[in-house]
Amino acid sequence: TSLIDGEEKQFHQLLRFAMAVDSGMDLLSERAVLMRESLQKSQTITDNVVSILGSFDSRLSALESAMRPTQIRTHAIRKAHENIDKTLKSAEVILSQFDLLRQAETKVLKGPHEDLESYLEAIAQLRKVIRYFSSNKGFKNSDGVLNHANSLLAKAQSKLEEEFKQLLVSYRFVLLYLNRFLERIVECLTIYMHIKAVEPDRLFDGLPNSLRPSADGEGNGKAHGGHHNDDSETAAYTLPVLIPSRVLPLLHDLAQQMVQAGHQQLLLQIYRETRTFVLEESLRKLGVEKLSKEDVQRMQWEVLEAKIGNWIHFMRIAVKLLFAGERQVCDQIFRGFDSLSDQCFAEVTVSSVSMLLSFGDAIARSKRSPEKLFVLLDMYEIMRELHTEIETIFKGKACLEIRNSATGLTKRLAQTAQETFGDFEEAVEKDATKTAVLDGTVHPLTSYVINYVKFLFDYQATLKQLFSEFGNGDDSNSQLASVTMRIMQALQNNLEGKSKQYKDQALTHLFLMNNIHYMVRSVRRSEAKDLLGDDWVQRHRRVVQQHANLYKRTAWTKILQTSSAQGLTSSGGGSVEGGNSSGVSRGLLKERFKMFNMQFDELHQRQSQWTVPDTELRESLRLAVAEVLLPAYRSFLKRFGPLVESGKNSQRYIKYTAEDLERLLGELFEGKSMNEPRR
């Protein structure tokens with residue numbers, strides 16, 4: 001029974017499941033039917049949309065076909081407007097040319113006598129009209145317009161020719177052989193530009209007061225003086241009037257007419273011939289000479305030095321006044337023709353510049369000598385000062401050769417100055433002059449070299465500039481210090497050689513002491529101290545002291561031995577010891593005193609003829625001698641004097657007191673003559 005119950009339950013479960021599946025299938029069938037109906041509706045809608053769109057396409061095609069004629073007409077209208085605009089613009093240009101022709105014709109018919117400038121403008125307008133119609137001959141009646149314009153231009157030229165004649169007559173310029181308009185312009189240009197040379201006084205008036213000639217007629221730009229004028233570069237210069245200002249506009253207009261007429265080369269020739277003469281004559285009146293290297297070599301130094309000083313003055317005047325003024329005139333006449341202006345100016349000034357630079361070049365290439373160093377530095381200074389003006393005034397490609405010539409001279413002057421510097425150092429070391437300095441004083445070579453070095457320091461800024469630009473790349477200060485030290489060492493080496501001429505070693509040391517002391521003292525009192533430094537000064541002061549000590553030892557050791565107790569023996573042969581003098585031989589003492597007197601007389605006579613020129617050093621040296629001699633003599637006289645004084649004729653042996661010696665030492669180193677008596 002339980003088995004049957006279990007199977008019955010399973011049967012009922014299966015039955016319920018089958019009923020559920022059957023119900024689900026019915027639901028799925030219903031949904032499938034709905035989906036099929038929806039798809040059928042969507043297909044219908046799609047077909048309808050496609051049908052509508054197809055109808056739009058056909059309508060648009062029909063519309064496009066209908067609008068095409070309208071678009072073609074619109075495009076044609078636009079092109080027509082563009083052509084009308086172009087035609088109107090062309091017409092405006094042509095009408096403007098006719099307007100220019102009409103305006104020019106009015107001015108030409110009126111003539112140039114009322115308004116020359118306006119008349120010249122009318123001629124320029126005519127030329128523009130002719131150029132326009134010549135390049136556009138396709139226009140109807142262009143030949144007729146050209147003929148009319150050319151006829152007007154010919155008439156204008158003729159009237160202008162008459163006006164020039166009247167203008168020139170009004171200025172009282174006699175013009176001969178005036179057959180053509182061009183000849184009149186050429187003659188007019190020549191006369192106006194051929195103004196007489198500028199007088200020196202007019203040039204001097206343009207200089208700053210500090211550079212004007214003094215009352216005696218000499219300029220302030222002499223050699224060794226240019227570098228002291230620190231204001232020369234910034235001072236105000238007043239350019240001279242080379243051509244009257246009222247004439248310059250007329251010259252500009254005439255030059256413009258010649259250029260436009262194609263006569264540029266003729267204009268250049270006229271300007272060159274007239275203005276070149278004026279500039280050269282102005283320089284000659286100023287005093288400029290064209291000298292060759294051979295001329296320079298034959299001159300006495302004093303004459304040459306004066307000419308170099310004048311040349312420095314002339315260079316400043318020529319560049320800052322004469323050439324600057326000529327540049328101004330040239331630029332105004334050739335305004336608007338820059339290349340022509342540069343070419344004219346270059347050709348006008350080249351010979352004058354050459355006249356000036358050739359002298360400087362002759363000096364730079366002449367035989368070197370120490371005295372020329374300073375004038376070379378002066379010349380280098382003025383070229384450096386004028387460098388900016390030269391670059392500005394002689395601008396442009398046409399003036400390149402002139403600028404290069406000026407730069408080349410500056411470099412040659414610098415090179416020659418440096419070589420002269422080196423020559424001086426070598427000359428100092430090898431100086432073999434036999435000038436005898438019998439009294440041991442400062443040698444002429446020493447004073448010459450020291451003055452030379454001190455003078456160099458007046459050019460310190462110039463030398464630094466020179467070393468900086470043309471040196472080996474080292475610091476200019478260190479280069480100047482190095483050169484100065486080498487010169488001082490060369491001098492010292494030479495002095496040591498000269499000191500060997502003395503037979504007396506004491507005088508040798510006195511000579512070296514005097515000369516090296518002079519060097520040290522001069523350096524301490526000049527700008528050279530800052531360059532050479534305290535170390536150099538202290539080191540050479542010690543050298544001075546060493547020679548003073550050597551002099552003292554060499555000159556006075558022997559007499560000091562005479563005034564010592566050493567070597568005095570008693571009758572028994574023993575030496576004197578302590579303060580006991582009872583055993584000393586009176587005869588030996590007398591010999592000692594006689595020997596002392598003789599040696600001192602000889603030293604006094606000889607060394608009173610020697611010289612120590614420096615007062616402080618002289619007193620110091622006397623004191624040093626007195627400090628060793630007087631105490632020794634006092635001690636000797638105190639110990640042994642009584643033994644000699646107790647005998648006969650003691651004054652023959654004890655000739656001097658300590659005070660006498662002190663007084664006589666005060667006569668040393670005063671450079672007395674041989675026969676000059678004692679004080």
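Fair warning: this is a prediction, and the values are worked out from it, not measured in the lab.

**Student:** So, the overall build of the protein chain: which residues are in play, and what are the values?
**Tutor:** Secondary structure assignment for the protein chain yields 20 helices and zero strands. Counting only residues that meet the buried cut, the protein chain has 42% of its 679 residues in that class.

**Student:** Requested: an account of the packing of aromatic side chains, with residues and values cited.
**Tutor:** Considering all chains together, one arrives at 23 aromatic pairs under this definition. Judged by centre distance (5.8 Å) and plane angle (70°), the ring pair of Y551 and F669 falls under edge-to-face. A residue pair is termed long-range when its members are at least 10 positions apart, and Y551 in helix 17 (residues 528-562) and F669 in the segment after helix 20 (658-665) qualify at 118 residues. Side by side, Y551 and F669 carry an identical accessibility label, which is buried. Here the aromatic rings of F636 and F640 are separated by 5.0 Å at their centres, their planes lie at 55°, and the arrangement is tilted. Of the two residues, F636 and F640 both sit in helix 19 (residues 615-645), four residues apart, roughly one turn of that helix. The class for F636 is buried, based on a relative accessible area of 4%. Owing to a relative accessible area of 0%, F640 belongs among the buried residues under this scheme. An aromatic cluster of three or more residues is present, and its members are F374, F424, Y448, Y452, F455 and Y459.

**Student:** Describe helix 9 (residues 301-333), and please don't skip the residues or the numbers.
**Tutor:** Given a rise of 1.5 Å per residue, 33 residues ought to cover 48 Å, and the 45 Å separating the end C-alpha atoms of helix 9 matches this to within 8%. Along helix 9, the sharpest kink reaches roughly 40°, centred on A318.

**Student:** Requested: an account of a negative patch on the surface, with residues and values cited.
**Tutor:** A surface patch of negative charge is lined by E114, D115, E117 and E121. One can find E114 in the loop between helix 1 (2-110) and helix 2 (116-135).

**Student:** Outline the nonpolar core, supporting the account with residue identities and numerical values.
**Tutor:** Core analysis: the largest hydrophobic core is formed by 145 residues, its most contacted members being W311, M383, Y551, W556 and F600. Tallying contributions element by element places helix 9 first for this core, with 16 residues. Looking at which domains feed residues into this core, each of domain 2 (175-203 + 241-430) and domain 3 (444-555) supplies at least three. The next biggest cluster of nonpolar side chains, apart from the first, holds 20 residues, and it includes I94, V108, L126 and A149.

**Student:** Just give me the short version of the pattern of salt bridges, but keep the residues and values in it.
**Tutor:** For the structure on display, the rule yields 28 salt bridges. D331 is paired through a salt bridge with R327; the nearest N and O atoms lie 3.3 Å apart. Of this pair, D331 and R327 both sit in helix 9, four residues apart, which is roughly one turn of that helix. Of the residues examined, D331 reaches a relative accessible area of 29% and is grouped as partly exposed. Residues E425 and R486 are paired through a salt bridge, measuring 3.1 Å at the closest nitrogen-oxygen approach. Note that E425 is positioned in helix 12 (residues 400-430) and R486 in helix 15 (residues 476-499), a separation of 61 residues in sequence.

**Student:** Quick rundown of the side chain of H517? Include the residues and the values.
**Tutor:** Tracing the backbone through its elements, the reader meets H517 in helix 16 (residues 505-524). Note on H517: relative accessible area 18%, which makes it buried. Here H517 is in contact with V544, D614 and L617, once residues within four sequence places are set aside.

**Student:** Go over the confidence of the model for the protein chain, please, and point to the residues and values.
**Tutor:** On average, residues of the protein chain score 81 in pLDDT, and 79% of them reach the 70 mark or higher. The weakest mean pLDDT in the protein chain belongs to helix 4 (residues 181-193) at 50; the strongest belongs to helix 16 at 95. Taken as a whole, residues 219-226 scores under 50 in pLDDT and shows 28 contacts with residues more than four places along the chain or in a different chain. Within the model, pLDDT remains below 50 along residues 571-580, and this stretch shows 10 contacts once partners closer than five positions in the same chain are excluded.

**Student:** Tell me about a positive patch on the surface, and please be specific about residues and values.
**Tutor:** Together, K454, R524, R525 and R541 give the surface a local cluster of positive charge. In this fold, R524 is placed in helix 16. Residue R524 is classed as partly exposed on the basis of its relative accessible area, which comes to 45%.

**Student:** Kindly report on the packing of helix 11 (residues 372-393) against helix 12, identifying the contributing residues and their values.
**Tutor:** Interaxial distance between helix 11 and helix 12 falls to 9 Å at its minimum, and their mutual angle equals 155°. Between helix 11 and helix 12, the interaxial angle falls into the category roughly antiparallel. Two packed elements cross with a definite hand, and for helix 11 against helix 12 that hand is left-handed. Between helix 11 and helix 12, the residues in contact are L373, L376, L377, M379, Y380, M383, R384, I390 and E391 and R403, A406, T407, L409, T410, L413, A414, T416, A417, T420 and F421, respectively. Looking at side-chain class alone, the contact of helix 11 with helix 12 contains 13 nonpolar, four polar and three charged residues.

**Student:** Before we move on, could you go through the environment of D331 and cite the residues and values that matter?
**Tutor:** Taking the C-alpha atoms as reference points, D331 and D342, separated by 11 residues in sequence, lie 8.2 Å from one another. Among all residues touching D331, those that are not within four sequence positions of it are S341 and K395.

**Student:** Account for the state of the cysteines, naming residues and giving values.
**Tutor:** A complete count under the given rule lists zero disulfides for this structure. The closest cysteine sulfur to the non-disulfide-bonded C344 is located on C330, 5.3 Å from its own sulfur. Look at C344 and you get buried, because its relative accessible area is 1%. As a non-bridged cysteine, C399 has C330 as the owner of its nearest cysteine sulfur, 8.7 Å distant. With relative accessibility at 0%, the residue C399 sits in the buried group.

**Student:** Give a detailed account of the packing of helix 2 against helix 6 (residues 248-260), specifying residues and quantitative values.
**Tutor:** Look at helix 2 against helix 6: their axes get within 12 Å of each other, and the N-to-C directions meet at 15°. In terms of axis orientation, helix 2 runs roughly parallel to helix 6. Here helix 2 runs over helix 6; the crossing is left-handed. Mapping the contact onto sequence places L116, L120, I123 and R127 in helix 2 and L250, D253, Q257 and Q260 in helix 6. Residue classes in the contact of helix 2 with helix 6 are distributed as four nonpolar, two polar and two charged.

**Student:** Describe helix 16, with residues and values.
**Tutor:** In this model, helix 16 (20 residues) spans 28 Å end to end at C-alpha, consistent with the 28 Å of a helix rising 1.5 Å per residue. Where burial is concerned, most of helix 16 is hidden: 17 out of the 20 residues are buried. The N-cap of helix 16, judged by a side-chain oxygen 2.9 Å from the amide nitrogen of A506 a few residues on, is D504.

**Student:** Can you tell me about the side chain of Q125, naming the residues and giving the values?
**Tutor:** Residue position: Q125 is located in helix 2. Looking at Q125, the relative accessible area reads 16%, which means it is buried. Discounting chain neighbours no more than four positions away, the residues touching Q125 are L100, Q103, A104 and K107.

Conventions adopted
Residues numbered from 1 in each chain as written. Predicted model: local features only at pLDDT ≥ 70, side-chain atom pairs only at ≥ 80, totals over all residues. Heavy atoms only, no water. Helix = DSSP H or I, 4+ residues; strand = E, 2+ residues; numbered from the N terminus. Buried < 20%, exposed > 50% of the residue type's maximum accessible area, 1.4 Å probe, protein only. Phe/Tyr/Trp six-rings, centres within 6.5 Å; stacked < 30°, edge-to-face > 60°. Expected span 1.5 Å × (residues − 1). Bend = angle between axes of the 7 residues up to and from the residue. Patch = residues over 30% accessible without salt bridge, like charges linked within 9 Å, V, L, I, M, F, W, Y side chains within 5 Å. Areas by Shrake-Rupley, 256 points an atom, 1.4 Å probe, with all protein chains shown as cover. Salt bridge = Lys/Arg side-chain N within 4 Å of Asp/Glu carboxyl O. Lys, Arg positive; Asp, Glu negative; His and termini not counted. Charge placed at Lys NZ, Arg CZ, Asp CG, Glu CD. Core = buried A, V, L, I, M, F, W, Y, C linked by side-chain atoms within 4.5 Å. Domains from an automatic or database assignment. Contact = heavy atoms within 4.5 Å. pLDDT = per-residue confidence, 0-100. Axes fitted to C-alpha atoms, helices over the stretch in contact; angles between N-to-C directions. Parallel < 35°, antiparallel > 145°, perpendicular 65-115°, else oblique. Left-handed = near helix turned anticlockwise from the far one by under 90°. Nonpolar A, V, L, I, M, F, W, Y, C, P; charged D, E, K, R; others polar. Disulfide = S-S within 2.5 Å. Polar contact = N/O pair within 3.5 Å; in protein donor to acceptor, adjacent residues only side chain to side chain.

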